[in-house]
Structure formats: C-alpha cells, structure tokens
Amino acid sequence: MLPKPSKGLVISLIIVLSIFTAMVATGGSFSASLESDADIYSASKDQPSYEASQPIKEESLSEFYERTVRSFDTNQGSADVLPVLMYHHLLPAADNIYPEEPAVLNLEIFEQQMAYLEDQGFTTLTLKEAELFLRGELEIPRNSILITFDDGYASEAVYAADVLRRYDLKAASFLITSQIEDETEDFHPHELSYLSWEQIQENRDVFEYAHHSHDMHHLEENKSLLVVCCEDTLREDLRASLSLLESPYFAYPYGHKDCDVIQTLKDKDYRMAFSTREEMARPGEDLFRVGRFGITYHVSFERFQSIVHGYQ
Ligand SMILES: [Zn+2]
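This structure is a prediction, so every number in the text was calculated from the model and none was measured.

What counts, and at which threshold
Residue numbers here run from 1 along each chain, matching the order of that chain's written sequence. Side-chain atom pairs in this predicted model are given and counted only at pLDDT of 80 or more, local residue features only at pLDDT of at least 70, and totals for whole chains, interfaces and linings cover all residues. In DSSP terms, a helix is any run of H or I states spanning at least four residues, a strand is any run of E spanning at least two, and both are numbered starting from the N terminus. Exposure in this text rests on C-beta crowding, where 20 or more other C-beta atoms within 10 Å of a residue's own make it buried, 12 or fewer make it exposed, and counts in between make it partly exposed. The C-beta atoms are placed from the backbone. Per residue, pLDDT measures the predictor's confidence, with a range of 0 to 100. We call two residues in contact whenever the C-beta atoms placed from their backbones are within 7 Å. Any two strands with at least two DSSP bridges between them are considered paired. Viewed with both strands pointing away, a crossover whose connecting path from the first strand over the helix to the second turns clockwise is right-handed. Here an axis means a line fitted to C-alpha atoms, over the contact stretch when the element is a helix, while the angle between two N-to-C directions is reported on a 0 to 180 degree scale. Throughout, the term roughly parallel applies to angles under 35 degrees, roughly antiparallel to angles over 145, roughly perpendicular to angles from 65 to 115, and oblique to all others. By convention, the crossing between two helices is left-handed when the near helix turns anticlockwise from the far helix through less than a right angle, and right-handed when the turn is clockwise. For this classification, Asp, Glu, Lys and Arg are treated as charged, while Ala, Val, Leu, Ile, Met, Phe, Trp, Tyr, Cys and Pro are nonpolar and the rest, including Gly, are polar.

### Structural notes on the overall build of the protein
Part 1 of the argument: The number of helices and strands found in the protein is ten helices and twelve strands.
Part 2 of the argument: Of all 312 residues assigned to the protein, the portion counted as buried reaches 41%.

Structure follows, in structure tokens:
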C-alpha cells in the first residue's frame with residue numbers, strides 16, 4: 001500500500017500541478033505535452049570545467065563564462081537546431097507515489113535517457129555555448145543538446161547529479177533563489193524539498209545555475225506573477241536573484257512572458273531566456289523566447305529519441 005502523503009506534499013503537488021495546468025493553457029503542452037567576444041578554449045572530450053572553489057557570487061561573471069565555451073570539432077557534421085530538454089523533479093519508481101504527475105519523472109527513465117545520450121555520443125552544451133550557437137556565432141557538433149532543470153528541487157543533488165556524472169553529461173539548473181535552503185536537510189522522497197547552497201556548490205562539476213525568479217514563481221488567476229505584477233516589483237525581484245547568483249540566463253516561471261517582462265530582463269543585462277514552448281531552438285531566433293521540450297512520463301523513449309535527434 002502506498003504511504004499516506006504528508007499535508008506538505010499534497011500542498012506542494014497542488015502547486016506543481018497548477019504550474020503544469022498553466023503551462024498547458026499557455027502553450028507548454030505536456031499532454032502530447034538564450035555577442036561572441038568570449039575567449040574560446042579547446043577541450044579534450046569537450047566537457048567544460050565548472051568546478052569552482054569560490055562561492056558563486058565571488059566569481060566574476062566574465063571569468064566564469066569565458067571558460068565555459070569550447071571550440072568544437074565539426075568535421076563529422078554540425079547541428080542546425082538545438083533540442084533543449086526540461087526536467088523538474090526525479091524520484092525512484094518505488095518512491096514515486098504520483099506516477100502521473102508531470103513534474104515528477106521516474107529516476108530509472110531519466111537514467112535510461114542519459115545512458116542513451118552518452119551511448120550516442122551527445123555533447124551537452126553550456127548555456128553560454130547555447131547562446132553563441134543561437135546567435136550564429138558558434139558551430140556545434142551534430143548531436144548537441146542542452147539539458148535543463150527547473151525549480152531547484154533537492155532531487156537534482158540527490159539523484160540527477162550522480163547520473164549526469166556517470167554518463168559524463170552536464171546540465172543547467174534554473175533556481176527559485178528564495179527557496180534555496182541555507183542548510184542541507186535530510187531528503188525524504190515523499191516531501192518536495194529544495195536544494196541548499198551547499199548542494200549547489202557541491203554539484204557545480206555537472207550543473208551550472210541560472211535564474212527562475214527570486215520569489216515570483218506564483219500564479220494569479222492562472223497567470224504568472226511576472227506578467228501580472230508591476231515593473232518595479234520584477235526589477236526588485238531580479239535584483240534579489242542577482243545578489244545571490246550571477247547569471248545572465250533566465251527561465252520564465254510557468255513559461256509566461258510578455259514584451260514588458262522581456263524588456264525588463266534586457267534592461268538588467270540578461271542575454272537569453274527560456275520558455276516552455278515545445279520547439280527546437282534555432283540560430284537567428286528570438287533569444288528571449290527559446291523553446292524547450294518538457295520530458296515527462298508522457299514522453300515515450302521513441303519520442304525522446306526523436307526530440308534529441310532534432311526531429312520535432
Ligand atoms: Zn518552475
């Protein structure tokens with residue numbers, strides 16, 4: 001018999017469910033469902049080094065991004081499009097008491113998918129590399145991909161990081177910075193918990209971190225606070241995020257955005273932002289409307305293969 005979920009979990013999952021309901025309503029269909037002046041360096045197996053002994057906010061942004069761009073060997077062919085994958089929360093099947101919750105993917109499925117990417121020789125891009133590709137300023141190999149996680153759940157550190165390490169893959173994590181814990185708490189699979197700053201530092205060899213708002217991951221009448229609130233509130237929220245974590249990259253909570261939100265991001269020197277619209281990212285497109293594919297239990301392995309090989 002499945003254990004009785006805690007009240008906290010029920011509330012959390014209601015919130016998560018509302019997120020996905022909103023995504024479906026706004027084009028993030030789960031039902032069937034980011035200037036190139038950076039120094040380029042060459043790397044052997046083409047995996048960038050994220051390891052940083054310094055706290056995130058003590059590292060210069062320009063230093064970090066200059067060392068996360070590689071020059072690629074594209075003799076075997078270069079990519080025309082970039083599939084961007086979006087994950088949220090992972091749980092082992094035996095612990096997943098909500099197998100039909102789109103925000104929760106069985107760990108075993110995630111591992112099968114990552115094993116496939118490694119077996120097929122996929123290159124996982126950094127956010128900076130993705131940005132340069134989309135600006136038409138960097139050639140990337142065929143079989144390139146960008147893996148993203150939203151919300152900053154603790155399962156990234158508990159489960160995802162080890163899988164990524166095992167298959168020599170990298171990912172980007174968009175954090176709701178107000179939710180990040182000061183101390184690492186015990187992980188309970190039946191409760192939804194968030195990363196701690198300590199866990200974020202520990203996993204910078206496989207994860208790079210960016211913004212998903214500081215405290216605006218809420219809905220008002222099925223619209224993201226981002227598009228409902230006034231500009232000053234959004235500016236203050238972005239200031240709070242940037243004081244904790246330097247990154248010029250953003251993922252819209254619930255995928256919601258409008259021209260005012262995009263202009264405010266640009267005013268704050270953001271360089272690229274991701275939506276939840278399920279479409280391939282292509283050079284020349286709007287860097288503030290980059291599409292992503294939500295990888296949920298709805299996505300068959302055949303569909304996953306199709307997405308990662310660029311067949312929308
Ligand atoms: Zn989110």
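Read on for the rest.
### A few points about the confidence of the model for the protein
Any residue range with low pLDDT should be treated as having predicted coordinates unsuitable for detailed reading.
Part 1 of the argument: For the protein, the mean per-residue pLDDT works out to 84, and 78% of the residues sit at or above 70.
Part 2 of the argument: Counted against residues more than four places away or in other chains, residues 1-55, with its pLDDT under 50, gives 99 contacts.

### Thoughts on the pairing of strand β1 (residues 84-87)
Part 1 of the argument: What you see with β1 is no split at all: Val84 and Met86 on one side and Leu85 and Tyr87 on the other are buried throughout.
Part 2 of the argument: In this structure, β1 lies alongside strand β5 (residues 144-151), joined through four bridges in parallel fashion. Directly across from methionine 86, in β5, lies its bridge partner threonine 148.
Part 3 of the argument: Sheet topology places β1 next to strand β12 (residues 293-294); two bridges connect them, and they run parallel. Residue pairing in the sheet places leucine 85 in a bridge with phenylalanine 293 of β12.

### Describing the pairing of strand β7 (residues 207-211)
When a strand is regular, its side chains alternate between the sheet's two faces.
Part 1 of the argument: Of all five residues that make up β7, five are buried, and the element is covered over most of its length.
Part 2 of the argument: Where burial is concerned, the two faces of β7 agree: the one with Phe207, Tyr209 and His211 and the one with Glu208 and Ala210 are both buried.
Part 3 of the argument: Of the strand pairs in this sheet, strand β6 (residues 171-175) and β7 are connected by five bridges, and their pairing is parallel. Each residue of the ladder has a partner; that of serine 173, found in β7, is tyrosine 209.
Part 4 of the argument: In this fold, β6 hands off to helix α6 (residues 197-202), which returns the chain to β7; that crossover is right-handed.

### Things to note about the environment of tyrosine 249
Part 1 of the argument: Relative to the helices and strands, tyrosine 249 resides in strand β10 (residues 249-251).
Part 2 of the argument: Separated by 40 residues in the primary sequence, tyrosine 249 and tyrosine 209 have C-alpha atoms spaced 8.8 Å apart.

### Section: the packing of helix α3 (residues 107-119) against helix α5 (residues 155-166)
Part 1 of the argument: In the contact formed by α3 and α5, the axes pass within 10 Å of each other and the chain directions differ by 20°. In terms of their interaxial angle, α3 and α5 are classed as roughly parallel. Between α3 and α5 lies a crossing of right-handed hand. Only Tyr159, Ala160, Val163 and Leu164 of α5 make contact with α3, whose side of the interface consists of Leu107, Phe110, Glu111 and Met114.

### A word on the packing of helix α8 (residues 231-244) against helix α9 (residues 259-267)
Part 1 of the argument: Relative orientation of the contacting elements α8 and α9 amounts to 40°, with a least axis distance of 10 Å. By the angle class used here, α8 and α9 are oblique. Both α8 and α9 take part in a crossing whose hand is right-handed. Facing α8, whose interface residues are Glu231, Leu234 and Arg235, α9 presents Asp260, Val261 and Thr264.
Part 2 of the argument: For the contact of α8 with α9, a count of residues per class yields two nonpolar, one polar and three charged.

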